[in-house]
Amino acid sequence: MQKWIVGGVLAMVLLGGGLIGYYKLVYQPNRPAPMWVPLPIKADLPNTKRDEIIADLKVKLTADEVLVSVSKDLDLPREWNLASENEAARELKRRIFVRDGEADSPMGRVPAVLVGVTGKSKEREFTGKIAMRLMDDVWRILGIEPPPKRE
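All chains use their own residue numbering, which begins from 1 and follows the written sequence. Where local features are concerned, this predicted model is filtered to residues with pLDDT of at least 70; where side-chain atom pairs are given and counted, the filter is 80 or more; whole-chain, interface and lining totals use all residues. With hydrogens and water excluded, all non-hydrogen atoms of the structure serve as input to the side-chain values.

### As for the sheet that holds strand β1 (residues 35-40)
- One bridge is not enough; two strands pair if DSSP finds at least two bridges between them. Numbering of helices and strands runs from the N terminus; a helix is a DSSP stretch of H or I covering at least four residues, while a strand is a stretch of E covering at least two. Spatial strand order, β1-β3-β2: 3 strands in an open sheet with antiparallel pairing. In the strand order of this sheet, the two ends are held by β1 and β2 (96-105), each with one partner. Taken pair by pair, the neighbouring strands of this sheet meet at an average axis angle of 35°, ignoring direction.
- Bridge analysis of β1 against strand β3 (residues 108-117) gives 6 bridges, and the strand direction is antiparallel. Directly across from Pro38, in β3, lies its bridge partner Leu114.
- Two residues qualify as a contact provided that any one of their heavy atoms is within 4.5 Å of a heavy atom in the partner residue. Interaxial angles span 0 to 180 degrees and are taken between N-to-C directions of axes, which are lines fitted to C-alpha atoms, for helices over the stretch in contact. In the packing of helix α5 (residues 85-95) onto the sheet, the strands contacted are β2 and β3, and the crossing angle to β2 comes to about 50°.
- Docked against the sheet, helix α6 (residues 124-142) engages β1, β2 and β3, running at close to 30° with respect to β1.

### Considerations on the nonpolar core
- Here, the term nonpolar core denotes a set of buried Ala, Val, Leu, Ile, Met, Phe, Trp, Tyr and Cys residues that are joined through side-chain atoms within 4.5 Å. When accessible area is computed with a 1.4 Å probe and restricted to protein chains, residues below 20% of their type maximum are described as buried, those above 50% as exposed, and intermediate ones as partly exposed. Residues Leu57, Leu61, Leu92, Val113, Val115, Ile130 and Leu134 are the most contacted members of the largest nonpolar core, which totals 30 residues.
- Mapped by element, the contributors of at least two residues to this core are β1, α2 (47-61), α3 (64-74), α5, β2, β3 and α6.
- By residue number, the principal contributor to this core is α6, which donates 8 residues.
- Setting aside anything within four residues of it in sequence, one finds Leu92 in contact with Leu67, Val70, Leu76, Trp80 and Ile130.

### As for unusual backbone geometry
- Phi at Asp75 is positive, roughly 55°, even though this residue is not glycine.
- Following the sequence through the fold, Asp75 ends up in the loop between α3 and α4 (76-79).
- Using a relative accessible area of 31% as the deciding quantity, one classes Asp75 as partly exposed.
- Unusually for a residue other than glycine, Asn81 sits at a positive phi of about 55°.
- Overall, Asn81 belongs to the exposed group, its relative accessible area being 71%.

### Here we look at the packing of aromatic side chains
- Classification of ring pairs uses Phe, Tyr and Trp, with its six-membered ring standing for Trp, and accepts pairs whose centres are within 6.5 Å; under 30 degrees between planes counts as stacked, over 60 as edge-to-face, and the remaining range as tilted. As enumerated under the stated definition, the model contains 2 aromatic pairs in all.
- Residues Trp36 and Phe97 carry aromatic rings whose centres are separated by 6.5 Å and whose planes lie at 65° to one another, so their mutual orientation is edge-to-face. Of this pair, Trp36 sits in strand β1 while Phe97 is found in strand β2, placing the two residues 61 residues apart along the sequence.
- The lysine or arginine in question, Arg95, covers the ring of Trp80, its NZ or CZ lying 4.4 Å from the ring centre. For a ring to carry a charge above it, either NZ of a lysine or CZ of an arginine must fall within 6 Å of the ring centroid while also lying within 35 degrees of the normal to the ring plane.

Have a look at this one:
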């Protein structure tokens, strides 16, 4: 009887270890982890105007010339193991989002436009770089002088 108990405990320990290993090595790195940069906007801006800005920004950010330049700047074909700049641009177009949200500020939470890229947890650092690179184009599209970059 004791042999069965020892065997059962050993099986449970191995099963638990396997589940923990699967979670840490497979599940957790592949969870969705979008990265975005908030662009604060005036709180008194009407929702229709805000939606118009978001739609216009989405169209202009997903233009082929913008996507190809981002792809070239960040060497996306190599990073995503794709054959060409155009394939990387198509993949980036699929991943880009521009949506309504909120941002933290010294005065509390304020409305914002979130410009970002979807990705997995293991790609978090790189998708953050893509989101920051997209902000260069957002400033150009909106005709606003970009804030100074932090070093």
